[in-house]
Amino acid sequence: MDDYRINLAESELPQAWYNIQPDLPRPLPPYLHPATGQPVGPQDLAPIFPLEIIMQEVSREPQIPIPDEVLRHYRLWRPTPLHRARCLEQALKTPARIYYKNESVSPAGSHKPNTAVPQAYYNKAAGMRRLATETGAGQWGSALAFACNLVGLECTVYMVKVSYYQKPYRRSLMHLWGAQVFPSPTDRTNAGRGILARTPDTSGSLGMAISEAVEDAATHPDTNYSLGSVLNHVALHQTVIGLEVKRQLALAGDAPDVLIGCVGGGSNFAGFAFPFVPDKLQGRDLRIIGVEPTACPTLTRGAYAYDFGDTSGLTPLMLMYTLGHNFVPPGIHAGGLRYHGDSPLLCLLVHDRVIEARAYPQTPVFEAARLFVQTEGLIPAPETAHAIKAAVDEAVRCRETGREECIVFNFSGHGYLDLGAYDAFLEGDLKDVEFPEEELQRALRELPAVAGR
Ligand SMILES: *Cc1c(COP(=O)(O)O)cnc(C)c1O
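Calculation notes
- Residues numbered from 1 in each chain as written.
- Predicted model: local features only at pLDDT ≥ 70, side-chain atom pairs only at ≥ 80, totals over all residues.
- Heavy atoms only, no water.
- Domains from an automatic or database assignment.
- Contact = heavy atoms within 4.5 Å.
- Buried area = accessible area lost by both parts, 1.4 Å probe.
- Salt bridge = Lys/Arg side-chain N within 4 Å of Asp/Glu carboxyl O.
- Near = heavy atom within 4 Å.
- Polar contact = N/O pair within 3.5 Å; in protein donor to acceptor, adjacent residues only side chain to side chain.
- 1 Å grid on protein atoms, 1.4 Å probe; cavity = no way out; pocket = protein on both sides within 12 Å on 5 of 7 lines; lining within 4 Å.
- Sits in = over half its atoms within 2 Å of the grid points.
- Helix = DSSP H or I, 4+ residues; strand = E, 2+ residues; numbered from the N terminus.
- Phe/Tyr/Trp six-rings, centres within 6.5 Å; stacked < 30°, edge-to-face > 60°.
- Lys NZ or Arg CZ within 6 Å of the ring centre and 35° of its normal.
- Expected span 1.5 Å × (residues − 1).
- Bend = angle between axes of the 7 residues up to and from the residue.
- Buried < 20%, exposed > 50% of the residue type's maximum accessible area, 1.4 Å probe, protein only.
- Axes fitted to C-alpha atoms, helices over the stretch in contact; angles between N-to-C directions.
- Parallel < 35°, antiparallel > 145°, perpendicular 65-115°, else oblique.
- Left-handed = near helix turned anticlockwise from the far one by under 90°.
- Nonpolar A, V, L, I, M, F, W, Y, C, P; charged D, E, K, R; others polar.
- Pairing = 2+ DSSP bridges.

Draft legend 1. A look at the domain arrangement of the protein chain. Split by domain assignment, the protein chain resolves into domain 1 (31-57 + 112-229) and domain 2 (67-109 + 233-445). The distance between the C-alpha centroids of domain 1 and domain 2 comes to 23 Å. Of the residues lining the interface, 47 residues belong to domain 1; the matching set on domain 2 comes to 46 residues. Buried surface at the junction of domain 1 and domain 2, both sides included, amounts to about 3700 Å², of which 63% is carbon and sulfur. Summed over the shared surface of domain 1 and domain 2, the number is two salt bridges. We note a salt bridge from Asp418 to Lys167, for which the minimum N-O separation is 2.9 Å.

Draft legend 2. Up close: the site of the ligand. Around the ligand, the surrounding shell holds 19 residues, and the nearest of these are Lys112, Ser229, Gly264, Asn268 and Ser412. In this structure, Lys112 approaches the ligand through a side-chain N or O atom, which is 2.5 Å from an oxygen atom. More than half of the atoms of the ligand fall within 2 Å of the grid points belonging to the largest cavity. Contributions of two or more residues to the shell around the ligand are made by helix H12 (267-273) and helix H17 (382-401).

Draft legend 3. Structural context of the packing of aromatic side chains. Scanning the entire structure with this criterion turns up 16 aromatic pairs. Three or more aromatic residues joined by ring pairs form one cluster here, namely Tyr74, Trp77, Phe146 and Trp177. Over the aromatic face of Tyr99 sits the side chain of Arg84, whose NZ or CZ is 5.5 Å from the ring centroid. One residue, Arg86, lies across the ring of Tyr4, its end atom 5.8 Å from the ring centre.

Draft legend 4. Spotlight on helix H11 (residues 232-251). Over its 20 residues, H11 extends 29 Å from the first C-alpha to the last, a length consistent with the 28 Å expected when each residue adds 1.5 Å. Of all the bends in H11, the largest measures some 35 degrees and sits at Gln238. Within H11, 15 of the 20 residues are buried, which leaves it mostly tucked inside the rest of the structure. The first or second residue beyond H11 is Gly253, which carries a positive phi of 70 degrees.

Draft legend 5. Looking closely at the packing of helix H5 (residues 113-125) against H11. Relative orientation of the contacting elements H5 and H11 amounts to 125 degrees, with a least axis distance of 8 Å. Relative to H11, the element H5 lies oblique. You can see that H5 and H11 cross each other, and the crossing is right-handed. Of H11, the residues touching H5 (which contributes Asn114, Thr115, Pro118, Gln119 and Tyr122) are His233, Val234, His237, Gln238, Val240 and Ile241. Looking at side-chain class alone, the contact of H5 with H11 contains five nonpolar, six polar and no charged residues.

Draft legend 6. Region of interest: the packing of helix H6 (residues 139-151) against helix H8 (residues 168-176). Where H6 meets H8, the closest approach of the two axes is 8 Å, and the angle between their N-to-C directions is 15 degrees. Considering their axes alone, H6 and H8 lie roughly parallel with respect to each other. Crossing of H6 against H8: the hand is left-handed. Here H6 contributes Gln139, Gly141, Ser142 and Ala145 to the contact with H8, which in turn contributes Arg170, Leu173 and Met174.

Draft legend 7. Representation of the sheet that holds strand S6 (residues 130-135) in the model. Taken in spatial order, the four strands make up an open sheet running S8-S7-S6-S9, and their pairing is parallel. Two strands in the sheet have a free side with no partner beyond their single neighbour: strand S8 (180-184) and strand S9 (223-225). Taking each pair of neighbouring strands and ignoring which way they run, the sheet shows an average axis angle of 25 degrees. Strand direction decides the pairing type here: strand S7 (residues 154-160) and S8, joined by five bridges, are parallel. Looking at the pairing, Val160 lines up with Ser184 of S8. Relative to S6, H6 is tilted by about 160 degrees, and along the sheet it contacts S6 and S7.

Draft legend 8. Representation of unusual backbone geometry. The omega torsion across Arg78 and Pro79 is -10 degrees, close enough to zero to call that bond cis. Mapped onto the elements, Pro79 comes out in the loop between helix H3 (68-74) and strand S4 (82-84). A positive phi is found at Lys93, a non-glycine position, where the angle reads about 50 degrees. Topologically, Lys93 is positioned in the loop between helix H4 (86-92) and strand S5 (97-102). The backbone of Val230 sits at a positive phi, close to 70 degrees, despite the residue not being glycine. Relative to the assigned elements, Val230 resides in the loop between S9 and H11. Here Val230 falls in the buried class, since its relative accessible area comes to 5%.

Structural data, given as structure tokens:
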């Protein structure tokens, strides 16, 4: 059968998440306390995270069971389909087989509810009343608003100011799901007031908004903090994607040669690709490619160094590729890819050359998105379009070399709330921004000093 979609039954939903930590080529270096330089312990994280999540962050169990209530909520949209992009293949005249995993079918339109739901669940179970978080383009804020509404928690969202005004419809989603939303930096927190005093005209950044949400959680006992990417437990929850893809490819009688995902903080790509990493470490010929914008080139131009997760230096230090915590990326349309750091797990694998990284400017990314729209029909999020551009380039390479490879990418979300970005593209208004080397060097000089490392 020449299937266009490979579906799993609800009963085939994975019952456990895949934890990559015991399979890493070497242990993940610990998070460090910014004041002491010592590894952070559970007690350091307890003011903002529930114990279950803290334990998942450092777990060495190969699998972690998905709670029944989370599975019930997942079934609102999971398992998600794996599509064979036959029309795109034809248009490209490639001998490659192209598949994409469609995470855009969740209620929030992206992969983010895969972790928002378990995070809300664990916080509710730990007796919390409210979650505070930041959001860039609004995808994470809307996913968490959706999840909090499901489990019965209040939700406060600090939304990066430029996105708050550029992407008003995600604000509407958050309001509909019952959340409170503020354009960050705000005057509600010390962090926000400090930033506004120094840079009153700032367009905001994810790092600034994180500072505000963490402070809100740390100063309210009934409130915890929730992060939509970067941390180990987030990558863990997202592995439900890759576990499904494995089964779906097996059903199609296929196996990947190239796996591709876009990288903001690394969670959709990690969740999609990590379940395949053991195969690669055991010698399977497999390329795993993370794709980022040239305007925020964390993996391709950043330093592999300990840095803060936020702008104000409130979070633990993490060893990751970073552009410096004071880096404010240009306001490109792939708002979800504007973060100065990346998942430490993903960074370790990039550093050890298990995973490759590449960067594209936004114009060719939108060109690839248009080709995808005009062949496959679905409208990708600008973030997702980065993965599409890489998949198209790989398929063209296959055409030129005659190789019949299997290329699989993660369709992390739809672009129905990003049509303004497509209008800008169609009107020729997109600018391709490279981050200037001297500005990058300046941000990197402000990396925190870590004793003895
Ligand atoms: C948030 C988002 C991303 C980037 O975040 P990651 O943590 O890197 O996955 C990518 N695509 C979509 C659709 C998003 O909403």
